[in-house]
Amino acid sequence: MEIIVCIKQVPDTEELNKVKINPETRTLIREGIKNIINPFDENAIEEALRLREKVGGRVTVLSMGPPQAEVSLRKALAMGVDKAVLLSDKSFAGADTLATSYTLAMGIRKLGKFDLILSGKQAIDGDTAQVGPGIAEWLNLPQVTYARKIEVNRDKVRVERTLEDSFELMEVPLPSLITVTKEINEPRYPSLKGVLRARREKIIIWGAEDLEVDKKRIGLDGSATQVIKVFTPPPPSGGEIISGETPEIAENLIKKLEEQKII
Ligand SMILES: Cc1cc2nc3c(=O)[nH]c(=O)nc-3n(C[C@H](O)[C@H](O)[C@H](O)COP(=O)(O)OP(=O)(O)OC[C@H]3O[C@@H](n4cnc5c(N)ncnc54)[C@H](O)[C@@H]3O)c2cc1C
């Protein structure tokens, strides 16, 4: 089974408040910040390794990012993945989720035949949860999001999908894309042997020319959204407490909502 895991390098949660915004491009300045693999993506790596242990095959990790994302790819190699690919090119910079998912999808196409794509349910910095589903759309694949359990049965996969107070059991054909939650497993620590192997392993780096991408769909130019302004919202003002007996409170509340034209 050929499994591809998309991993994003993100600022360590303890460093998130140090991330600054470039005032000209209104993009994140990530230099000088301690980075980690997006935590949900570690769960995706772990799940891929477990599936490989059960049914055999190969696990490839794929990331789009600046050269320093290599550190995260090496950690994935140390955890036990077979191959690591970094999509890195100045023209990929400033991508929104549409351009990011397009570029990753083109990377996956270049990798060739695959059975399953795994990603985290969301990134802890961007937080949109759009990239996984976006990749599935570009590649015209079935997708299941928020998986807490995955079982592969020949050319089908059964997924328990987390809902607010229950779960949904779904079956999709392979190849497909699944995004995973933290509940799915406990990621392993890299072994010493894994760390030593990861140091020697070559990371494949592909740029825009290698992927044969449509240049209008990558980076800032390929982004459908533009950041107009980045700001910290003012704290909410005091509010008002309505006191009295319950019917009186309800009546007063309705009156106030009507005055404010909320209802
Ligand atoms: C309007 C807008 C404009 C933006 N502009 C910029 C910008 O100019 N510059 C900038 O740096 N960022 C920008 N971003 C952030 C950028 O879009 C996101 O970092 C990126 O597209 C991933 O989205 P996300 O972090 O929400 O990931 P999510 O969709 O929450 O991530 C889900 C999963 O997708 C996979 N994934 C996500 N990103 C990658 C990746 N790069 N490589 C491999 N796998 C990945 C991972 O498995 C991850 O768990 C912008 C975001 C928005 C909403």
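Scroll up to find the structure.
These numbers come from a predicted model, not from an experiment.

Participant: Please clarify how the packing of aromatic side chains should be interpreted in this entry.
Facilitator: Remark: the centre distance and the inter-plane angle together describe each pair of aromatic rings, the angle taken between the planes. In this structure the tally under the stated criterion is one aromatic pair. For the pair Tyr102 and Trp138, a centre-to-centre distance of 4.9 Å together with 70° between the ring planes defines the contact as edge-to-face. Here Trp138 lies in helix α4 (residues 131-138) and Tyr102 lies in helix α3 (residues 97-111), a separation of 36 residues in the sequence. You can call Tyr102 buried: its relative accessible area is 6%. Looking at Trp138, the relative accessible area reads 25%, which means it is partly exposed. In this arrangement the basic side chain of Lys110 is found over the ring face of Trp206, its NZ or CZ atom lying 5.1 Å from the centre.

Participant: Honestly, α3 in this entry has me stumped. Any pointers?
Facilitator: For an α-helix, the turn length of 3.6 residues means that residues three or four places apart are oriented alike. Compared with the 21 Å implied by 1.5 Å per residue over 15 residues, the 21 Å span of α3 between its first and last C-alpha is a close match. In terms of burial, α3 is a largely internal element, eleven of the 15 residues being buried. Taken as a whole, α3 has its buried residues at Ala99, Thr100, Ser101, Tyr102, Thr103, Leu104, Ala105, Met106, Gly107, Ile108 and Leu111. In this structure Asp96 caps α3, since a side-chain oxygen of it lies 3.1 Å from the backbone nitrogen of Leu98. Phi turns positive, to about 95°, at Gly112, one or two residues after α3.

Participant: Would you mind going over the nonpolar core with me for this structure?
Facilitator: Most often, soluble globular proteins have nonpolar side chains that are buried together. Membership of the largest hydrophobic core comes to 34 residues, with the highest contact counts inside it found for Val5, Ile45, Val61, Leu118, Ile150 and Ile178. Those residues in contact with Val5, other than ones at most four positions away along the chain, are Asp41, Ala44, Ile45, Ala48, Val59, Thr60, Val61, Leu62 and Leu118. Of all hydrophobic cores here, the second largest spans 25 residues; its members include Ala105, Leu111, Ile135 and Ala136.

Participant: In this structure, what is going on with the sheet that holds strand β7 (residues 83-87)? I would like to understand it.
Facilitator: Where strands meet in a sheet, backbone hydrogen bonds hold them as pairs that are either parallel or antiparallel. Here nine strands make up an open sheet; going across it, the order is β11-β10-β9-β12-β8-β1-β6-β7-β13 and the pairing mixed. Across the chains shown, the open sheet's two edge strands, defined by having one partner strand only, are β11 (167-173) and β13 (204-206). Looking at each pair of strands side by side, their axes are set apart by 30° on average, direction ignored. As judged from the seven bridges shared by strand β10 (residues 156-162) and β11, these two strands associate in the antiparallel manner. The residue of β11 that forms the bridge with Thr162 is Phe167. Running over the sheet, α3 touches β1 (2-6), β6 (58-64), β7, β8 (116-120) and β13 and is turned about 145° from β6. Along the sheet, α4 makes contact with β1, β8, β9 (143-153) and β12 (176-180), crossing β12 at roughly 180°.

About the cut-offs
Residues numbered from 1 in each chain as written. Predicted model: local features only at pLDDT ≥ 70, side-chain atom pairs only at ≥ 80, totals over all residues. Heavy atoms only, no water. Phe/Tyr/Trp six-rings, centres within 6.5 Å; stacked < 30°, edge-to-face > 60°. Helix = DSSP H or I, 4+ residues; strand = E, 2+ residues; numbered from the N terminus. Buried < 20%, exposed > 50% of the residue type's maximum accessible area, 1.4 Å probe, protein only. Lys NZ or Arg CZ within 6 Å of the ring centre and 35° of its normal. Expected span 1.5 Å × (residues − 1). Polar contact = N/O pair within 3.5 Å; in protein donor to acceptor, adjacent residues only side chain to side chain. Core = buried A, V, L, I, M, F, W, Y, C linked by side-chain atoms within 4.5 Å. Contact = heavy atoms within 4.5 Å. Pairing = 2+ DSSP bridges. Axes fitted to C-alpha atoms, helices over the stretch in contact; angles between N-to-C directions.

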